[in-house]
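Take a look at the letters that make up each chain.
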Amino acid sequence: MRIYACPGNEAQARTLAAVLGAMHGELDWHRFPDGETRVRIGTPPRDEAALFCTLADPDPLLLPLLLTAAALREQGAARVGLVAPYLAYMRQDRSFHPGEAVSARHFGALLGAHFDWLVTVDPHLHRIARLADVFPRPHQVLHAAPLLTAWIRGHVPRPFLVGPDAESAQWVSAVAAELDAPWTHLVKRRLGDREVQVTLKDAAASRDLKPVLVDDIISSGHTLAEAARALRAGGYGAPACVAVHGIFAPGCREVLREAGIAELAVTDSVPQPESAIPLAALLASGIQGLRRKVSS
Ligand code: R5P
């Protein structure tokens, strides 16, 4: 298998190739002045090609991504897989207002039409329970909870784990079980893209413990910021934060700083200065597992 990196994913893809003992393939995207992209495969694929492309800010990526899948087939790949540590559009999992597209379904179907398999990490599966419900091809969903757990174990001696909303309970409870630590989740009401209300309903844990906010995605940062404020109002100290996917939309870091969040770690599903938790070994195990599943 050769692994090809979409621009911006080179370091992660090379590390993954090294862990897997796979070859790295050359891929180039040239942006013309008119905004179109020319895709060039520099190294012809063998039987199987894997395209490494995390899908933060997906709209400008999507067409070049699909053209690359087509080009890899033209150049001889019998199968083209997608390694997308962060899978976009999964939060649009319901028609929240009349007329809204359930984009998670359409996005998954579109990827399924172009890729033979998919490996991803903690996609936001909430109102849609399984990735199989949106992506119709072989896939492997990996979970970063053990890696988040290891980070907390190494950085926070006496943690109290807190999810900022009900949706985060699946991640927080898994981490809390591993650490044998108390946990709760807060209650969130989203009023807009950058406006949320978060309240602390169950404050049973001792104020001596260090709160650690655990979430799947940091986007605008407002969820964690309001959660940190709710904890402070409930008598807790400044929380540490750990999340799977650090999107860090414009203004996010300022929002977190103003809320007094200083300790924060995310995985490298989207490469960021805060990416203290590498995913290469997890992704490699996922690809190996999927290949075993497909070939058996
Ligand atoms: C929500 O469903 C997710 O689990 C995250 O809490 C949310 O996406 C974070 O978004 P933001 O950082 O924009 O508040």
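In this text the structure is predicted, and so the values were computed from the model without any measurement. (Residues numbered from 1 in each chain as written. Predicted model: local features only at pLDDT ≥ 70, side-chain atom pairs only at ≥ 80, totals over all residues. Heavy atoms only, no water.)

**Student:** Explain the packing of helix H2 (residues 58-74) against helix H3 (residues 103-114) residue by residue, including any values.
**Tutor:** Packing of H2 against H3 brings their axes to within 10 Å, and their N-to-C directions diverge by 20°. Compared by their axis directions, H2 and H3 come out roughly parallel. Between H2 and H3, the contacting residues are Leu62, Leu65, Leu66, Ala69 and Arg73 on the first element and Phe107, Leu110, Leu111 and His114 on the second. Looking at the contact of H2 with H3 residue by residue, the classes come out as 7 nonpolar, 1 polar and 1 charged. (Axes fitted to C-alpha atoms, helices over the stretch in contact; angles between N-to-C directions. Helix = DSSP H or I, 4+ residues; strand = E, 2+ residues; numbered from the N terminus. Parallel < 35°, antiparallel > 145°, perpendicular 65-115°, else oblique. Contact = heavy atoms within 4.5 Å. Nonpolar A, V, L, I, M, F, W, Y, C, P; charged D, E, K, R; others polar.)

**Student:** Provide a residue-level description of the site of the ligand, including the pertinent values.
**Tutor:** Near the ligand lie 15 residues; those nearest to it are Arg91, Glu167, Asp215, Asp216 and Thr223. At a separation of 3.3 Å, an oxygen atom of the ligand approaches a polar side-chain atom of Lys188. The side chain of Ser220 places a nitrogen or oxygen atom 2.6 Å from an oxygen atom of the ligand. Against a free-state accessible area of 380 Å², the protein chains account for coverage of 94% of the ligand. According to the grid-proximity analysis, the pocket containing the ligand is the largest pocket. Elements supplying a minimum of two residues to the shell around the ligand: strand E11 (187-192), strand E13 (210-218) and helix H6 (222-233). Ranked by residue count, the leading element in the shell around the ligand is E13, at 4 residues. Residues belonging to the shell around the ligand are distributed by class as follows: 2 nonpolar, 6 polar and 7 charged. (Near = heavy atom within 4 Å. Polar contact = N/O pair within 3.5 Å; in protein donor to acceptor, adjacent residues only side chain to side chain. Areas by Shrake-Rupley, 256 points an atom, 1.4 Å probe, with all protein chains shown as cover. 1 Å grid on protein atoms, 1.4 Å probe; cavity = no way out; pocket = protein on both sides within 12 Å on 5 of 7 lines; lining within 4 Å. Sits in = over half its atoms within 2 Å of the grid points.)

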